[in-house]
Amino acid sequence: MRLTGSKRRKYSAGIFLLFGILAGAASAAPGLDSAAQLLSRAESLKTVDNATFARMLQELKGRTTELSETQRWRLRYLQAYQNAYIGQEEPARAQLEVIAKQAPDSTLRTIAIGTLINVLGVGHHYDEAFQYLDQALDNLPQITDKDARFHLLGEASQLLSDAGQYELAASY
């Protein structure tokens with residue numbers, strides 16, 4: 001059977017429409033993602049699209065049993081990050097301190113310390129921020145993850161700059 005031009009266009013349009021509907025349904029159904037996939041997507045959106053990030057955190061809250069222990073710690077960090085982002089300094093600070101002291105992953109502890117230094121600096125708790133910074137810098141040789149080092153050193157530079165130590169800040 002040979003399709004004429006008009007029928008072929010209708011047939012092709014129908015196929016493209018069907019694929020479009022299926023693709024849209026798949027991307028619009030976040031519940032179909034595994035909790036681990038959702039966690040990874042949330043991490044990638046935290047600085048890009050806060051509204052979507054916050055919705056993902058809400059969904060992940062109800063799915064923690066699907067996450068490994070390491071992933072649950074990452075989720076706790078993201079929740080602390082969100083609290084800091086929306087200006088809830090005290091809950092963010094408390095959560096970050098727990099993560100910095102108890103998380104089993106040293107990279108996550110380093111990232112939490114960097115974020116905690118930022119929260120303390122923004123809140124003008126400079127003495128405590130510098131205490132965490134001193135500890136973190138003492139442990140710097142053991143920090144092998146490039147992104148965690150970059151985050152920590154960036155926060156160190158920002159804190160030193162806020163304290164008027166511009167030359168020292170520039171060295172980080």
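Everything that follows concerns the structure shown earlier in this document.
Residues numbered from 1 in each chain as written. Predicted model: local features only at pLDDT ≥ 70, side-chain atom pairs only at ≥ 80, totals over all residues. Heavy atoms only, no water.

A.B. asks: Would you mind going over helix 3 (residues 50-61) with me for this structure?
C.D. replies: Helical periodicity: at 3.6 residues per turn, an α-helix aligns residues three or four positions apart in one direction. Compared with an ideal rise of 1.5 Å per residue, which puts 12 residues at 16 Å, helix 3 spans 16 Å between its outermost C-alpha atoms and is within 8% of the ideal. Within helix 3, the full set of buried residues consists of Asn-50, Thr-52, Phe-53, Met-56, Leu-57 and Leu-60. The arc that holds every buried residue of helix 3, seen down its axis, measures 155°, which confines them to one face. Seen from the buried face of helix 3, the exposed residues on the opposite side, beyond 90 degrees, are Arg-55 and Gln-58. In this structure, the buried residues of helix 3 make contact with helix 2 (35-45) and helix 4 (69-85). (Helix = DSSP H or I, 4+ residues; strand = E, 2+ residues; numbered from the N terminus. Expected span 1.5 Å × (residues − 1). Buried < 20%, exposed > 50% of the residue type's maximum accessible area, 1.4 Å probe, protein only. Arc of directions from axis to C-beta. Contact = heavy atoms within 4.5 Å.)

A.B. asks: Help me understand helix 7 (residues 126-138) in this model?
C.D. replies: For helix 7, with 13 residues, the first-to-last C-alpha span of 18 Å sits near the 18 Å given by 1.5 Å per residue. Turning to helix 7, its buried residues number three or more, namely Ala-129, Tyr-132, Leu-133 and Ala-136. Within helix 7, the buried residues cover an arc of 100° as seen down the axis, which keeps them to one side. Counted as exposed and oriented over 90 degrees from the buried face of helix 7: Asp-127, Gln-131 and Asp-138. Those residues of helix 7 that are buried are in contact with helix 5 (89-102), helix 6 (106-122) and helix 8 (146-162).

A.B. asks: For this particular structure, what's the right way to read the environment of Thr-107?
C.D. replies: Along the chain, the position of Thr-107 falls in helix 6. Residue classification places Thr-107 among the partly exposed residues on the basis of a relative accessible area of 22%. A C-alpha to C-alpha distance of 8.9 Å links Thr-107 and Asp-147, two positions 40 residues apart in sequence. Excluding anything up to four places from it in sequence, Thr-107 contacts Asp-145 and Ala-148.

A.B. asks: Help me understand the packing of helix 6 against helix 7, please; the structure alone is not making it clear to me.
C.D. replies: When two helices pack together, their arrangement is given by the angle between the helix axes and by the axis-to-axis distance. Running from amino to carboxyl end, helix 6 crosses helix 7 at an angle of 160°, the nearest separation of the two axes being 8 Å. Considering the angle they form, helix 6 stands roughly antiparallel to helix 7. Two packed elements cross with a definite hand, and for helix 6 against helix 7 that hand is left-handed. The segment helix 6 lies against helix 7, with Ile-113, Leu-116, Ile-117, Leu-120 and Gly-121 engaging Tyr-126, Glu-128, Ala-129, Tyr-132, Leu-133 and Ala-136. Looking at the contact of helix 6 with helix 7, its residues break down into nine nonpolar, one polar and one charged. (Axes fitted to C-alpha atoms, helices over the stretch in contact; angles between N-to-C directions. Parallel < 35°, antiparallel > 145°, perpendicular 65-115°, else oblique. Left-handed = near helix turned anticlockwise from the far one by under 90°. Nonpolar A, V, L, I, M, F, W, Y, C, P; charged D, E, K, R; others polar.)

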